[in-house]
Every structure is written in structure tokens, then in C-alpha cells.
Amino acid sequence: MAPAGGGGGGGGSAARKMAPSHVLKCCQKVLAWVPVAFIALVVAWSYYAYVVELCVFTITSTGEKVVYLVIFHLSFVMFVWSYWKTIFTSPASPSNEFCLSKTDKEQYEKEERPESQQEILRRAAKDLPVYTTTTSRAIRYCDRCQLIKPDRCHHCSACDLCVLKMDHHCPWVNNCVGFSNYKFFLLFLFYSLLYCLFVAATVLQYFIKFWTKLSEHPCFEMDLTKMASLLDAAKTYGRFLEMRKNTGCYLFLQV
């Protein structure tokens, strides 16, 4: 009975050790979505500011409103669609043919010499489309995913899997950019540039008008007058302090 109790205690200790790591992984997964949520909030705010504040309340010309809204919504829909596809398209991993067979895997794990392990990998990869090796001519193998890496395949530590034609892991989309979503990522960059340029170009004249009218407001002029008087007072007080300091030094030298 004692060994059973000891085993139970060991299992409880292992469970307690695994619990913090599990909580940490969950926190990391949640925090990884913070940049995506930030982008979503910025896009939502830009949509409200442009459609409601500019097109509904500011622009008076109906024709101008229609043109702006049509072009804006076209660019907005394409931007959101490409961003969505970049985020939620699963990274492509190597197919099962790049995984070692059960026999080769057991032999690979038993071998301790790198030369013998490489011999097993070369035998398994002889019929695979693998042309890229390391600088020492070794077959690239992922111990984490337990598969032979094809060309341009890399293991992503954030996604914890091997990704085909991996470019990088982008925190702003919380996903790897690779074979499966590289096209959507480039479209996302292209449509985001068009979206920003169109919004900036159409808002610029109203932005200038807004600040011009604000500068002509009586309260704004009064504030500027107060600010100027405060600056003059500060300069006068600075001159007074300088004069006092020079006079004091002069009197001290006279004594």
C-alpha cells in the first residue's frame, strides 16, 4: 500500500508542476491576440470616423458622399477580407511522407552517433523532394515534429509546428506567414496601403478646414493672446532674475 501511496503523491506532484506551465501557455495564447484586437479597434474607429463623422455629418454634397462611400467600402471590404484570411488560414505543414516510419524512428532514437542518425535520414529522404541541407551536408530534421524538413521549411516556436515556405511569424496577425497564406498577407499589405492612402487623401481638405475654423474662433484667439502674454511675462521675469544675479555679483565684487 505504501508504494501505491507514494506513486499517488508523485503523480500529484507532477500534476502540480504541469499546472503552472499549462496556465502560462493559456496566458501566452490570450496575449498573442492583443495586437490583433488593437488593429481591429483601430479599423473600427476609422470606419466610424470616416463614414459617420465625415460622410454623414461633414460632407454636404450628395454626389461626393456617394463616391467616397462606394470607394471606401470597396477598399474596406478587401482590406478586412485579406486580413481575416491571413489570420485564420492554418499554416501548411509537411505531408505525412516526410515523417519517419515507425521502424526508422525507433532506430533514430536508439542511435547516439550523429553519423548513424544521418544515415537513417538519408535513407528515408532518398525518394523525397529534399534538396536543401545544412552547411555540413546534413539532412534537416525536426526533433520536435519528428519529420524531415523539406526546402524552406522551418519550425515556428510560436505555433509549435513546422511550416512550409515559412517567411516569418507575424504578431499582428497572430499567425505564421508561409505557403498557405503568403498571398493573403501580400494582399493585406496592398489593401491596407490603399485604404490608408484613400482615407488620408479624402480627409486632408476637411482636416485643414477644421483647424482653420478653429483658429478663427474667438476663444482660440483669446487663448493665443493669453499664451503670448504668459510668454512675455516669463521672458520679463527671466530678464529680472538675470539682472538680479548680475547685480548681486557686481555688489559682491565691490565689497
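Preceding this section is the structure that the text describes.
Starting afresh in each chain, residues are numbered from 1 along the sequence in its written order. With the structure being a predicted model, the display of local features is reserved for residues of pLDDT at least 70 and the display and counting of side-chain atom pairs for 80 or more, all residues being used for whole-chain, interface and lining totals. Excluding hydrogens and water, the side-chain values take into account all heavy atoms of the structure.

Student: Hey, could you run me through the overall build of the protein chain in this one?
Tutor: Assigned secondary structure in the protein chain consists of seven helices and six strands. Only DSSP runs of H or I covering at least 4 residues are called helices, and only runs of E covering at least 2 are called strands; the numbering of each starts at the N terminus. For the protein chain, the succession of helices and strands along the chain, N to C, is α-α-α-α-α-β-β-β-β-β-β-α-α. Taken over 255 residues, the protein chain has a buried fraction of 25%. For this analysis, residues touch if any pair of their heavy atoms sits within 4.5 Å. Taking all contacts inside the protein chain whose residues are at least 6 apart in sequence as the whole, residues at least 24 apart take part in 49%. When the accessible surface of the protein chain is totalled, it reaches about 18,000 Å², and 67% of it is carbon and sulfur. Using a 1.4 Å probe on the protein chains alone, a residue whose accessible area is under 20% of its type maximum counts as buried, one over 50% counts as exposed, and one in between counts as partly exposed. The accessible surface values rely on the Shrake-Rupley method and a 1.4 Å probe; as for residues, cover is taken only from the protein chains in view.

Student: Is there a simple way to explain the packing of aromatic side chains in this structure?
Tutor: What describes a pair of aromatic rings is the distance from one ring centre to the other and the angle between the planes of the rings. For Phe, Tyr and Trp, where Trp contributes only its six-membered ring, two rings pair if their centres lie within 6.5 Å, and the inter-plane angle classes them as stacked under 30 degrees, edge-to-face over 60, or tilted in between. Evaluation of the coordinates by the stated rule reveals 19 aromatic pairs. Plain terms: the ring middles of Phe-79 and Tyr-195 are 5.3 Å apart, the flat faces sit at 10 degrees to each other, and that makes the pair stacked. Of the two residues, Phe-79 is situated in helix H3 (residues 62-88) and Tyr-195 in helix H6 (residues 182-216); the sequence distance between them amounts to 116 residues. We note that Phe-79, like Tyr-195, is buried. Feature note: the residues Tyr-47, Tyr-50, Tyr-68, Phe-72, Phe-76, Phe-79, Tyr-83, Phe-185, Phe-188, Tyr-195 and Phe-198 constitute an aromatic cluster, connected by ring pairs.

Student: Hey, could you run me through the side chain of Lys-149 in this one?
Tutor: Looking at the secondary structure, you find Lys-149 in the loop between strand E2 (147-148) and strand E3 (154-156). Buried within the structure, Lys-149 lacks any salt-bridge partner; its nearest side chain of opposite charge belongs to Asp-143, at an N-O separation of 8.5 Å. Apart from residues lying up to four places away in sequence, Lys-149 is in contact with Val-130, Arg-140, Tyr-141, Cys-142, His-155 and Cys-162. The positive count covers Lys and Arg only, the negative count covers Asp and Glu only, and His and the chain ends enter neither. Salt bridge, as used here: a side-chain nitrogen of Lys or Arg that lies within 4 Å of a carboxyl oxygen of Asp or Glu.

Student: Please clarify how the layout of surface pockets should be interpreted in this entry.
Tutor: To find the voids left in a structure, one rolls a probe of water-molecule size over its atoms. The space that makes up the largest pocket amounts to roughly 720 Å³. Cavities and pockets are found on a 1 Å grid laid over the protein atoms alone: a cavity is a set of points where a 1.4 Å probe fits but cannot escape, a pocket is an open set with protein on both sides within 12 Å along at least five of seven lines, and a lining residue has an atom within 4 Å of such a point. Lining the largest pocket are 24 residues; nearest its centre among them are Trp-45, Ala-49, Tyr-50, Val-199 and Val-203. Among the elements of the structure, helix H2 (34-56) and H6 are those that each provide at least two residues to the lining of the largest pocket. Counted by class, the lining of the largest pocket contains 18 nonpolar, three polar and three charged residues. Estimates place the volume of the second largest pocket at around 350 Å³. Considering the residues around the second largest pocket, the lining is formed by Lys-25, Cys-26, Gln-28, Lys-29, Ala-32, Trp-33, Ser-157, Ala-158, Cys-159, Asp-160, His-169 and Asn-174. It is helix H1 (residues 2-31) that provides the largest number of residues to the lining of the second largest pocket, a total of four residues. The residue inventory of the lining of the second largest pocket, partitioned by class, reads five nonpolar, four polar and three charged. Grid points are joined across faces, edges and corners, and a volume is the space filled by probe spheres set on the points. Under the convention adopted here, Pro, Cys and the residues Ala, Val, Leu, Ile, Met, Phe, Trp and Tyr are nonpolar, Asp, Glu, Lys and Arg are charged, and Gly plus all remaining residues are polar.

Student: Even after reading the chapter, I still don't get helix H5 (residues 114-125), so can you show me in this structure?
Tutor: An α-helical turn contains 3.6 residues, so a residue and the one three or four places further along point in the same direction. An ideal rise of 1.5 Å per residue puts 16 Å on 12 residues; H5 measures up with 16 Å between its terminal C-alpha atoms. Looking at the buried positions of H5, the neighbouring elements they touch are helix H4 (102-110), strand E1 (141-142) and E2. Every helix has an expected span of 1.5 Å times one less than the residues it contains.

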